[in-house]
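Chain residues, written in single-letter form:
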Amino acid sequence: MELIFEESVRGRKGLRLPKCDVPQAKDISGRYKREKPAQLPEVSELDVVRHFTRLSRMNFSVDTHFYPLGSCTMKYNPKFTENIAKLTGFSQLHPLLPQLLLGGMLTQGALEVLYNVERLLVEITGMTEVTTEPLAGAHGELTGMMLIAAYHRDKGSRKKYVIVPDSSHGTNPASAAIAGYQTISIPTDKNGVMDFKEYKNKLNSEVAGLMLTCPNTVGIFNSQIKEICSLAHRNDALVYYDGANLNAILGKVRPGDIGFDIVHLNLHKTFATPHGSGGPGSGPVGVRKDLTQFLPVPKVIKRPDGTYALEENRQKSIGRIASFYGNFDVLLKTYAYILLLGKTGLIEVSEKAVLNANYIAVKLKKYYDLAYDRICMHECVFSATRQLANGVHALDIAKALIDRGFHPPTIYFPLIVKEAMMIEPTESESKHSLDRFIAAMRGIAELSQNNPEVVKSAPLNTAVSRPDETKAARELNLRWIA
Amino acid sequence: MSYIPHTDQEVKQMLKDIGVCSLDELFKDIPPQYQPASFNLPEGRSEFEVYEHLKRLADKNAASLVNFLGCGFYDHNIPAVVDALAGRAEFYTAYTPYQPECSQGTLQAIYEYQSAICLLTDMEVANASLYDGGTALYEAGMMALRITGRNKILIDGGVNPIYRRIMYTYTTNLSIDFVEIPVSHGQSTREEIYKHLDDKTAAVILQNPNFFGAIDDHSDIIKRVHQAGALAIESVYPVSLGMLKTPGNMDADIVTGEGQSLGLPLSFGGSYLGFLATRKKHVRKMPGRIVGETADKRGNRAFVLTLQAREQHIRREKATSNICSNESLCALKAIIYLSVLGKQGLVDLARLNFDKAEFAKDTLARIKGVEVKRSSPTFNEFTVCLPRDSREIVASMIERGFNPGLPLGKYYEDMKNYLLVCVTERRTKEEIVRYAENLEAVLWN
């Protein structure tokens, strides 16, 4: 398809600006001025509308397709919450207003939203306090690692290592490294959880913390989690909960109750805020009581008189991790979602998410190898090893699913499962929709057996098929050039 | 309302197929003693009740103050077409385009966004987006450390103080030597920068226009920076690039900025958009996702995520950044905004902002006791010195319905009487005149 730049016609305009109602000012010196205008498109509003509407139709999305992308919790995003974020009382509010004298009283509604979201997340996770500032899950992880560093620094120690299981998301070791830690990787045992013996062996006084996803990325809840946490605490290491998979356990277990010290949540996963083609996300971080002193500023507090204010001076705070108070529009949607569902609704979310995942696991295990054949939580991981015997890879299966109108599962992750296909259906999908997916997967399995070449040639029904990724990386073309 | 479709009958059937008797049985890996100590949440409500509650909260905010506050976050007009198109569910309910065949829409839009950022800044490559202007600047700093293998960063005092604080937060645990170059409300102080520039310096971070609104041509500084083997990082305000000399033209190595002014509402601080552009030779050290054009097996134009070997999902602890979700939908809004604004539109918009701010300067300068700082040219933001502490004056102006600007004493101790004032195209002549009248009344009545 043509680029918007290629639709350009010299002199065409798409927008009328307000007329200048003040005298034209004296120009600045030429040395400060741009030489040539930026070659932005010259198109009409309708050109823009047609172009981006056409582009949108080349996407699969939750609203148009079943999207069982494992670990990403692609659930339905209620339309109602979009309206909330557009209320002008929120959308036109300048973030610096509450930092001005008197301004706090004029932003009470927004501050109350932040405070209430925090309190709800505190109750959901069992932590003492939450910061809403982190702007995505990985940003929450980095915040968490800095909190761990602040905790040890406060005790006069530094410590060198952070432990991560080999099944973890790539963001975990990356976040630890960026915060200045070296990582120690622990293998997964035959039951799909972190090898306890190996963990015990690797734990030492130089370990600052441990990052765990629970349930983990193969969809299994580690029943030994409490022992793992207490062992870490005995070594004065903190335990970090990666909340990517919180959708499995709402109301069933709280990280704060079982020994986790720091938690991040992905609001765009569990709390149904849209993924936006890759963000904005939101990754609030909760901590246990003695870590609250390190949380980033500014922090919303409720005063004894019932009003809300920003606390900017926390002596031991790690400082500022983002420009303001988080992705506020995402926080608004989260707030509305939690209020809509309430306690019973949230528990039902996890129950149905787990039900759906197990249903898929059971129905498909005749055709594909389950990486761990046991009751799972919100997602199940298959391996395409059986299909590989006929030369069909997980990638081919993914492409064949696209032809059949399904977004593929996450593939080749977790790294510990060969030819991995990680399926997370979420609670949003009906039995009917799961059955259709199962039938498609079954059909692909049969085709892989009888006519593997057809699977390997997929997709056939899309605008493009199997783009050449090597060419993309070798002959870098990263922008339009006039 | 839980948005869950299951009927009781279906649940029964599914449990039977799984081979368990109850939903509880599916949770048997969670030992009973792990039960939540509490889960005390309110019960669910209808969307109409929740709307009323949130509407009440929204109405408590004074979002309708006449806005003269900027500081890197600006009150610009947003054409309706931006939200109409970005509000298409095919965009906002999709995720990262890992599977190119069913994500060409997102991929091409990001490629177009990258192109527009390169065109605005006169740089060679841009990434798919970062969280916000502050974290983008931090990422640029880290990138410079990786490229040069050095560990000292000079940061100009005219760089947004919010961004500077973010930089310091992230680097607490790393051994980085930061030197802050003092600046008054004018342009960067050359001698101070050169005094600290040495063979340990990885980067010099500058901002144009700087926090006080002052416009500069940093070409001379950047030349010296390069002679020292260091990189120059420029933080810029994209709307100003309709008029001002580009960072590419000044020979900057890495350019970042806050993209909020490109079609995103102020929205109490988020969601915003960090952008980052650089030279082609540094692309492999760049953080964040990148979209590239290639061909598919039939030879058709196609777009994919490329250079993924830099990223956390492949490289884990050796990745160039830990970023995963970025601000894709905000980047989409930015490219829609820039498309509809167009080539001449950006030039006219920048001019409109400049003209209005100059008019405001002249108008405010006529008030007794108000001194408009004119030591450097400015774009749409400028500093004024008031006869007394600007904090209290701000409070009085807020009472009169204006969001009058930032008291600079908040970030610069010796500038208690200073106020940073911003005028965008949204402010009318009448509003500017009323602002001046009210300020005069607050000062002298």
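Here is what the cut-offs are and how they apply
Residues numbered from 1 in each chain as written. Chains lettered and ligands numbered in written order. Predicted model: local features only at pLDDT ≥ 70, side-chain atom pairs only at ≥ 80, totals over all residues. Helix = DSSP H or I, 4+ residues; strand = E, 2+ residues; numbered from the N terminus. Rg over C-alpha atoms; globule rule 2.2 N^0.38 Å. Buried ≥ 20, exposed ≤ 12 C-beta atoms within 10 Å, placed from the backbone. Contact = placed C-beta atoms within 7 Å. Pairing = 2+ DSSP bridges. Axes fitted to C-alpha atoms, helices over the stretch in contact; angles between N-to-C directions. Nonpolar A, V, L, I, M, F, W, Y, C, P; charged D, E, K, R; others polar. Parallel < 35°, antiparallel > 145°, perpendicular 65-115°, else oblique. Left-handed = near helix turned anticlockwise from the far one by under 90°. Core = buried A, V, L, I, M, F, W, Y, C linked by C-beta atoms within 7 Å. Expected span 1.5 Å × (residues − 1).

Engineer: Can you lay out the overall build of chain A for me, pointing to particular residues and giving the numbers?
Structural biologist: Within chain A one finds 15 helices and 13 strands. Against the globule reference of 23 Å for 482 residues, chain A gives a C-alpha radius of gyration of 25 Å, in line with a compact fold. Counting only C-alpha atoms, chain A reaches 75 × 60 × 45 Å along its principal axes. Looking at the 482 residues of chain A, the share that counts as buried comes to 60%. Residue pairs at least 24 apart in sequence account for 71% of intrachain contacts in chain A once pairs closer than 6 positions are excluded.

Engineer: Just give me the short version of the overall build of chain B, but keep the residues and values in it.
Structural biologist: Along chain B, the regular secondary structure elements total 14 helices and 15 strands. Projected onto its principal axes, the C-alpha positions of chain B cover 85 × 55 × 50 Å. The buried share among the 445 residues of chain B stands at 61%. Counting only contacts in chain B whose residues sit at least 6 apart along the sequence, the fraction spanning at least 24 positions is 73%.

Engineer: Which residues make up the sheet that holds strand 3 (residues 182-186) of chain A, and what values go with them?
Structural biologist: Residue and element names in this part refer to chain A. Strands sit in the order 1-7-6-5-4-2-3 across an open sheet of seven strands; the sheet is mixed. A strand with exactly one partner marks an edge of an open sheet, and here the two such strands are strand 1 (129-131) and strand 3. Along the sheet, successive strands turn relative to each other by an average axial angle of 25°, direction set aside. Of the strand pairs in this sheet, strand 4 (residues 207-213) and strand 5 (residues 238-243) are connected by five bridges, and their pairing is parallel. When the sheet's bridge partners are listed, Thr-213 is paired in strand 5 with Asp-242. Sheet strands in contact with helix 6 (residues 171-178) are strand 2 (161-165), strand 3, strand 4 and strand 5, and its direction is about 175° off that of strand 2.

Engineer: Now, about the environment of Leu-406 of chain B: what can you tell me, with residues and values included?
Structural biologist: Within the secondary structure layout, Leu-406 of chain B lies in strand 14 (residues 406-407). For the pair Leu-406 of chain B and Cys-71 of chain B, spaced 335 residues apart in the sequence, the C-alpha separation amounts to 7.5 Å. If sequence neighbours within four positions are ignored, Leu-406 of chain B has contacts with Leu-96 of chain A together with Leu-69, Cys-71, Leu-419 and Leu-420 of chain B.

Engineer: Please give an account of the interface of chain A and chain B that cites residues and values.
Structural biologist: A common way to state how big an interface is: give the accessible area lost once the parts meet. Each partner contributes to the interface: chain A provides 173 residues, whereas chain B provides 163 residues. Of all the elements, helix 10 (residues 328-364) of chain A adds the most residues to the side of chain A that touches chain B, at 22 residues. Across the side of chain A that touches chain B, the residue classes tally to 93 nonpolar, 49 polar and 31 charged.

Engineer: Tell me about the packing of helix 10 of chain A against helix 13 (residues 431-450) of chain A, and please be specific about residues and values.
Structural biologist: Residue and element names in this part refer to chain A. Interhelical geometry of helix 10 versus helix 13 gives an angle of 30° and a closest axis separation of 10 Å. As far as their axial angle goes, helix 13 and helix 10 are roughly parallel. Here helix 10 runs over helix 13; the crossing is right-handed. Side by side, helix 10 and helix 13 meet where Asn-356, Tyr-359, Ile-360, Lys-363 and Leu-364 of the first sit next to Leu-434, Ile-438 and Met-441 of the second.

Engineer: Tell me about the nonpolar core, and please be specific about residues and values.
Structural biologist: Ranked by size, the top nonpolar core spans 310 residues in total, and within it Leu-147, Ile-262, Ile-397 and Met-421 of chain A together with Val-204, Ile-205 and Ile-336 of chain B carry the most contacts. Counting residues per element, this core draws most heavily on helix 10 of chain A, at 22 residues. Not counting the four nearest positions on each side in its chain, Ile-205 of chain B is found in contact with Leu-137, Gly-141, Ile-153, Leu-154, Ile-155, Asp-156, Val-159 and Ile-233 of chain B.

Engineer: Just give me the short version of the pairing of strand 12 (residues 381-385) of chain B, but keep the residues and values in it.
Structural biologist: All names here are of chain B. Of all the five residues making up strand 12, four are buried; the element is thus mostly covered by neighbouring parts of the structure. Of the pairings in the sheet, the one linking strand 11 (residues 371-372) to strand 12 comprises two bridges and is antiparallel in character. Within strand 12, the position partnered with Val-372 by the bridge is Val-384. In this sheet, strand 15 (residues 418-422) lies alongside strand 12 in antiparallel orientation, the contact comprising five bridges. Each bridged residue has a counterpart across the sheet, and for Phe-382 the counterpart in strand 15 is Val-421.

Engineer: Before we move on, can you summarise the environment of Ile-166 of chain B with the specific residues and values?
Structural biologist: Mapped onto the secondary structure, Ile-166 of chain B falls in helix 8 (residues 161-171). We classify Ile-166 of chain B as buried; it has 25 C-beta atoms within 10 Å. Sequence spacing of Ile-166 of chain B and Tyr-138 of chain B is 28 residues, and the spatial spacing of their C-alpha atoms is 7.2 Å. Setting aside residues up to four positions removed in sequence, Ile-166 of chain B forms contacts with Arg-320, Ile-321 and Ala-322 of chain A together with Gly-134, Thr-135 and Tyr-138 of chain B.

Engineer: Tell me about the sheet that holds strand 14 of chain B, and please be specific about residues and values.
Structural biologist: Residue and element names in this part refer to chain B. Across the sheet, which stays open at both edges, the four strands sit in the order 11-12-15-14 with antiparallel pairing between neighbours. Among the strands making up the open sheet, the edge pair consists of strand 11 and strand 14. Of the strands in this sheet, strand 11, strand 12 and strand 15 touch helix 12 (residues 328-365), which is tilted by about 10° from strand 12.

Engineer: Residue-level account of helix 12 (residues 394-403) of chain A, with values.
Structural biologist: Residue and element names in this part refer to chain A. In terms of burial, helix 12 is largely enclosed, as nine of its ten residues are buried. Among the residues of helix 12, those classed as buried are Ala-394, Asp-396, Ile-397, Ala-398, Lys-399, Ala-400, Leu-401, Ile-402 and Asp-403. On the buried face of helix 12, the contacting elements are helix 11 (385-388), strand 12 (410-411), strand 13 (420-423), helix 13 and helix 14 (452-456).

Engineer: Which residues make up unusual backbone geometry, and what are the values?
Structural biologist: In terms of backbone geometry, most residues other than glycine have negative phi values and most peptide bonds are trans. With an omega of 10°, the peptide bond running from Gly-279 of chain A to Pro-280 of chain A counts as cis. Following Asn-208 of chain B, the chain continues to Pro-209 of chain B via a peptide bond in cis, the omega torsion being -10°. As for its placement among the helices and strands, Pro-209 of chain B is situated in the loop between strand 5 (201-208) and helix 10 (219-227). Backbone geometry at Leu-102 of chain A places phi at a positive 85°, although glycine is not the residue there. Among the structural elements, Leu-102 of chain A can be located in the loop between helix 3 (88-91) and helix 4 (108-125).

Engineer: Explain the environment of Asn-326 of chain B to me, and be specific about the residues and the numbers.
Structural biologist: By the element assignment, Asn-326 of chain B lies in the loop between helix 11 (312-315) and helix 12. Since 30 C-beta atoms lie within 10 Å of it, Asn-326 of chain B is described here as buried. Asn-326 of chain B sits 195 residues away from Tyr-131 of chain B along the chain, and the two C-alpha atoms are 5.8 Å apart. Residues in contact with Asn-326 of chain B, not counting those within four places in the same chain, are Gly-278 and Gly-279 of chain A together with Ala-128, Ser-129, Leu-130, Gly-288 and Arg-289 of chain B.

Engineer: Could you give me a rundown of helix 5 (residues 137-154) of chain A, with the residues and numbers involved?
Structural biologist: Residue and element names in this part refer to chain A. When the terminal C-alpha atoms of helix 5 are compared, their 26 Å separation across 18 residues agrees well with the 26 Å that a helix rising 1.5 Å per residue should span. The element helix 5 is largely enclosed, with a buried count of 15 among its 18 residues. Downstream of helix 5 by one or two residues, Gly-156 has phi in the positive range, about 85°.

Engineer: Any details on the packing of helix 13 (residues 390-399) of chain B against helix 14 (residues 429-444) of chain B? Residues and values, ideally.
Structural biologist: Residue and element names in this part refer to chain B. Helix 14 packs onto helix 13 with a crossing angle of 125° between their chain directions and a minimal axis gap of 10 Å. Regarding the angle of helix 13 to helix 14, the classification is oblique. As for the relative orientation of helix 13 and helix 14, their crossing is right-handed in sense. Only Asn-438, Leu-439 and Val-442 of helix 14 make contact with helix 13, whose side of the interface consists of Ile-393, Ser-396 and Met-397.

Engineer: Now, about the pairing of strand 6 (residues 262-265) of chain A: what can you tell me, with residues and values included?
Structural biologist: Residues and elements named next belong to chain A. Of the two faces of strand 6, the one carrying Ile-262 and His-264 and the one carrying Val-263 and Leu-265 are both buried. Sheet topology places strand 5 next to strand 6; four bridges connect them, and they run parallel. The residue of strand 6 that forms the bridge with Tyr-241 is Val-263. In this structure, strand 6 lies alongside strand 7 (residues 285-287), joined through three bridges in antiparallel fashion. Looking at the pairing, His-264 lines up with Val-285 of strand 7.

It is worth stressing that arrangement in space is one thing and function is another; only the former is reported here.
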